[in-house]
Each structure stands twice: as C-alpha cells, then as structure tokens.
Amino acid sequence: MSPALTVVLIVVVVAVLAAVAFFLVRRGAGASGGSLPRRFGPEYDRAVRHHDGDRRAAEQELKERVKTYGSLREHTPAPEERTRLLASWSTLQERFVEAPREAAAEADRLLAETATAVGHPGGDRHAARLDSLSVHHPHHVDGYRRLRAALTPTEGGHESTEELREALLAARGLFEELIGAGTSGMRTGRGTAHGAPHRTAHADERAQGPGTPPAAGTAEAPAPGTAPAPAPEAAETYEGHEARRS
C-alpha cells in the first residue's frame with residue numbers, strides 16, 4: 001500500500017470516528033434536554049423564564065429537584081380522611097361568597113395540609129413543598145403558586161375578588177390530584193377506583209360556566225363505608241353574588 005493511500009485511509013477513519021462521536025454526543029444531549037420539557041411541561045417553561053432564558057441553568061435546577069424529590073412516594077389518603085378533606089374544600093368554597101380572602105387563605109392552608117398528608121415537605125417549608133410538588137404534579141403546581149401569590153399583599157392595593165376566584169379554581173386541580181394520589185384511575189383520568197369518571201377542574205369550569213367556583217366534592221365517588229361528601233351549594237350562591245354585583 002502506497003504512503004499516499006495510507007494517509008487517505010487514516011484521514012477517512014479519523015473523520016468517521018469523529019462523526020460517530022459527534023452523533024453520540026448530540027443524541028445524549030438531545031435525550032437529556034428533551035426529557036425534561038416532556039416531564040415538566042409548563043414547569044419547564046417557568047424555570048427557563050426564571051433563569052432569564054438560560055436553558056442550561058433551568059435544566060440544572062430541574063435535575064436537582066428530581067434528584068431530591070424524585071424518589072418520594074405519595075401516600076393514598078384513608079377513605080375517611082379523603083371525605084373530610086373534600087368536605088373542608090366544599091365548606092371554604094361556600095364561604096368564598098361572603099369572605100373571599102379568608103376562604104382563599106383556608107384553601108392555601110388545606111392544600112399545605114393535604115400535600116403534607118400524602119408525603120410532601122410540611123410545616124413552613126413552602127419552597128421545598130412547591131419543588132416537591134413540581135416534580136410529581138408539574139401540570140397543576142402552578143395553581144398552588146397562583147393561590148399563594150394572590151394572597152400576598154401588593155404595594156398600594158389589594159387583590160381583587162376575581163383574582164382570588166381564579167386562583168382558587170386553579171388550585172383546585174392540584175387538590176384533586178393530591179386527594180387521588182396513588183389511585184391509578186384518578187391519576188390517569190380513566191375513572192376512579194370505584195368506577196366513577198374523574199372530572200378535571202378544567203372540565204368542571206367549562207360545564208359550570210365562567211364565574212362559578214369549582215365544586216370539589218363532586219369530583220369523585222365516596223369510598224365504600226364512608227358517607228358521601230356534602231354537595232356544595234356554592235355555584236348557586238356565587239351566581240347570586242355575581243347578579244348582585246352587576
């Protein structure tokens with residue numbers, strides 16, 4: 001084999017190896033970068049905005065959340081506990097008409113209690129609880145953030161009733177998921193463990209129409225051996241409230 005042909009073969013081999021290495025690196029980066037947007041959905045976009053468009057920093061933060069909370073296993077609330085929590089949500093929902101801020105504050109407290117009950121960080125560890133929830137409920141955790149933001153005093157003003165109502169409605173999606181934690185039928189939307197169809201907060205909002213707060217107690221069938229959660233009357237009351245306002 002001539003020296004010139006040898007050099008050509010070496011160059012070709014080196015080029016092929018470089019191309020293969022480049023392809024493997026790109027595929028690995030694509031697999032890593034692509035899985036986070038799929039896993040976190042809107043939470044991924046929020047992390048990118050939080051880091052001023054720096055995707056690498058956002059992905060590093062999300063990876064840290066997964067590393068810290070990915071192995072957490074949520075507990076299924078006992079039937080009587082689920083019934084109590086649903087009744088509490090219905091009560092605060094009815095209270096919203098006369099005392100919107102107090103009802104929203106109670107919803108914030110109830111969400112923290114429910115999240116802690118199923119295994120997420122408790123107490124005053126709000127940031128840790130939000131990070132943990134973002135790993136396991138990335139499509140609904142923003143409702144919790146909206147509720148807390150609506151309750152945070154703003155400079156020179158107060159939150160509007162409509163803002164609180166929308167935040168409460170958004171937070172209800174997370175509450176329903178937490179109540180159904182560990183129940184595959186409720187988590188996937190194919191129906192509850194007892195055969196009743198699971199309705200999401202968005203479906204209920206469309207069914208009830210704008211201006212009507214969610215009826216959390218109607219989202220699932222009661223567990224066997226427990227009394228059904230009381231049917232809330234907040235929708236009718238809220239409509240009357242809106243009529244008085246107009």
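Everything quoted here is computed from the prediction, not taken from an experiment.

Secondary structure assignment for the protein chain yields 11 helices and 0 strands. Shown N-terminal to C-terminal, the secondary structure of the protein chain runs as helices and strands in the order α-α-α-α-α-α-α-α-α-α-α. The 246 residues of the protein chain split such that 41% are buried. For the protein chain, long-range pairs separated by at least 24 residues make up 67% of all intrachain contacts whose partners lie at least 6 apart in sequence. Carbon and sulfur atoms provide 57% of the accessible area of the protein chain, an area that totals close to 13,400 Å².

With 28 residues, the main nonpolar core has Trp89, Leu111, Leu133, Tyr144, Leu147, Phe175 and Leu178 as its most contacted residues. Secondary structure elements with two or more residues in this core: helix H4 (79–95), helix H5 (100–117), helix H6 (126–136), helix H7 (141–151) and helix H8 (161–179). Here the element with the most residues in this core is H8; it accounts for 8 residues. Within the second largest apolar cluster, 10 residues are counted, among which are Leu36, Tyr44, Ala47 and Tyr69.

Let us look at unusual backbone geometry. Excluding glycine, residues mostly carry a negative phi; peptide bonds, for their part, are mostly trans. Positive phi outside glycine occurs at aspartate 52, with the angle close to 55°. Topologically, aspartate 52 is positioned in the loop between helix H2 (42–50) and helix H3 (55–69). On the basis of relative accessibility, which here comes to 74%, the residue aspartate 52 falls in the exposed class.

Cut-offs used in this document
Residues numbered from 1 in each chain as written. Predicted model: local features only at pLDDT ≥ 70, side-chain atom pairs only at ≥ 80, totals over all residues. Heavy atoms only, no water. Helix = DSSP H or I, 4+ residues; strand = E, 2+ residues; numbered from the N terminus. Buried < 20%, exposed > 50% of the residue type's maximum accessible area, 1.4 Å probe, protein only. Contact = heavy atoms within 4.5 Å. Areas by Shrake-Rupley, 256 points an atom, 1.4 Å probe, with all protein chains shown as cover. Core = buried A, V, L, I, M, F, W, Y, C linked by side-chain atoms within 4.5 Å.

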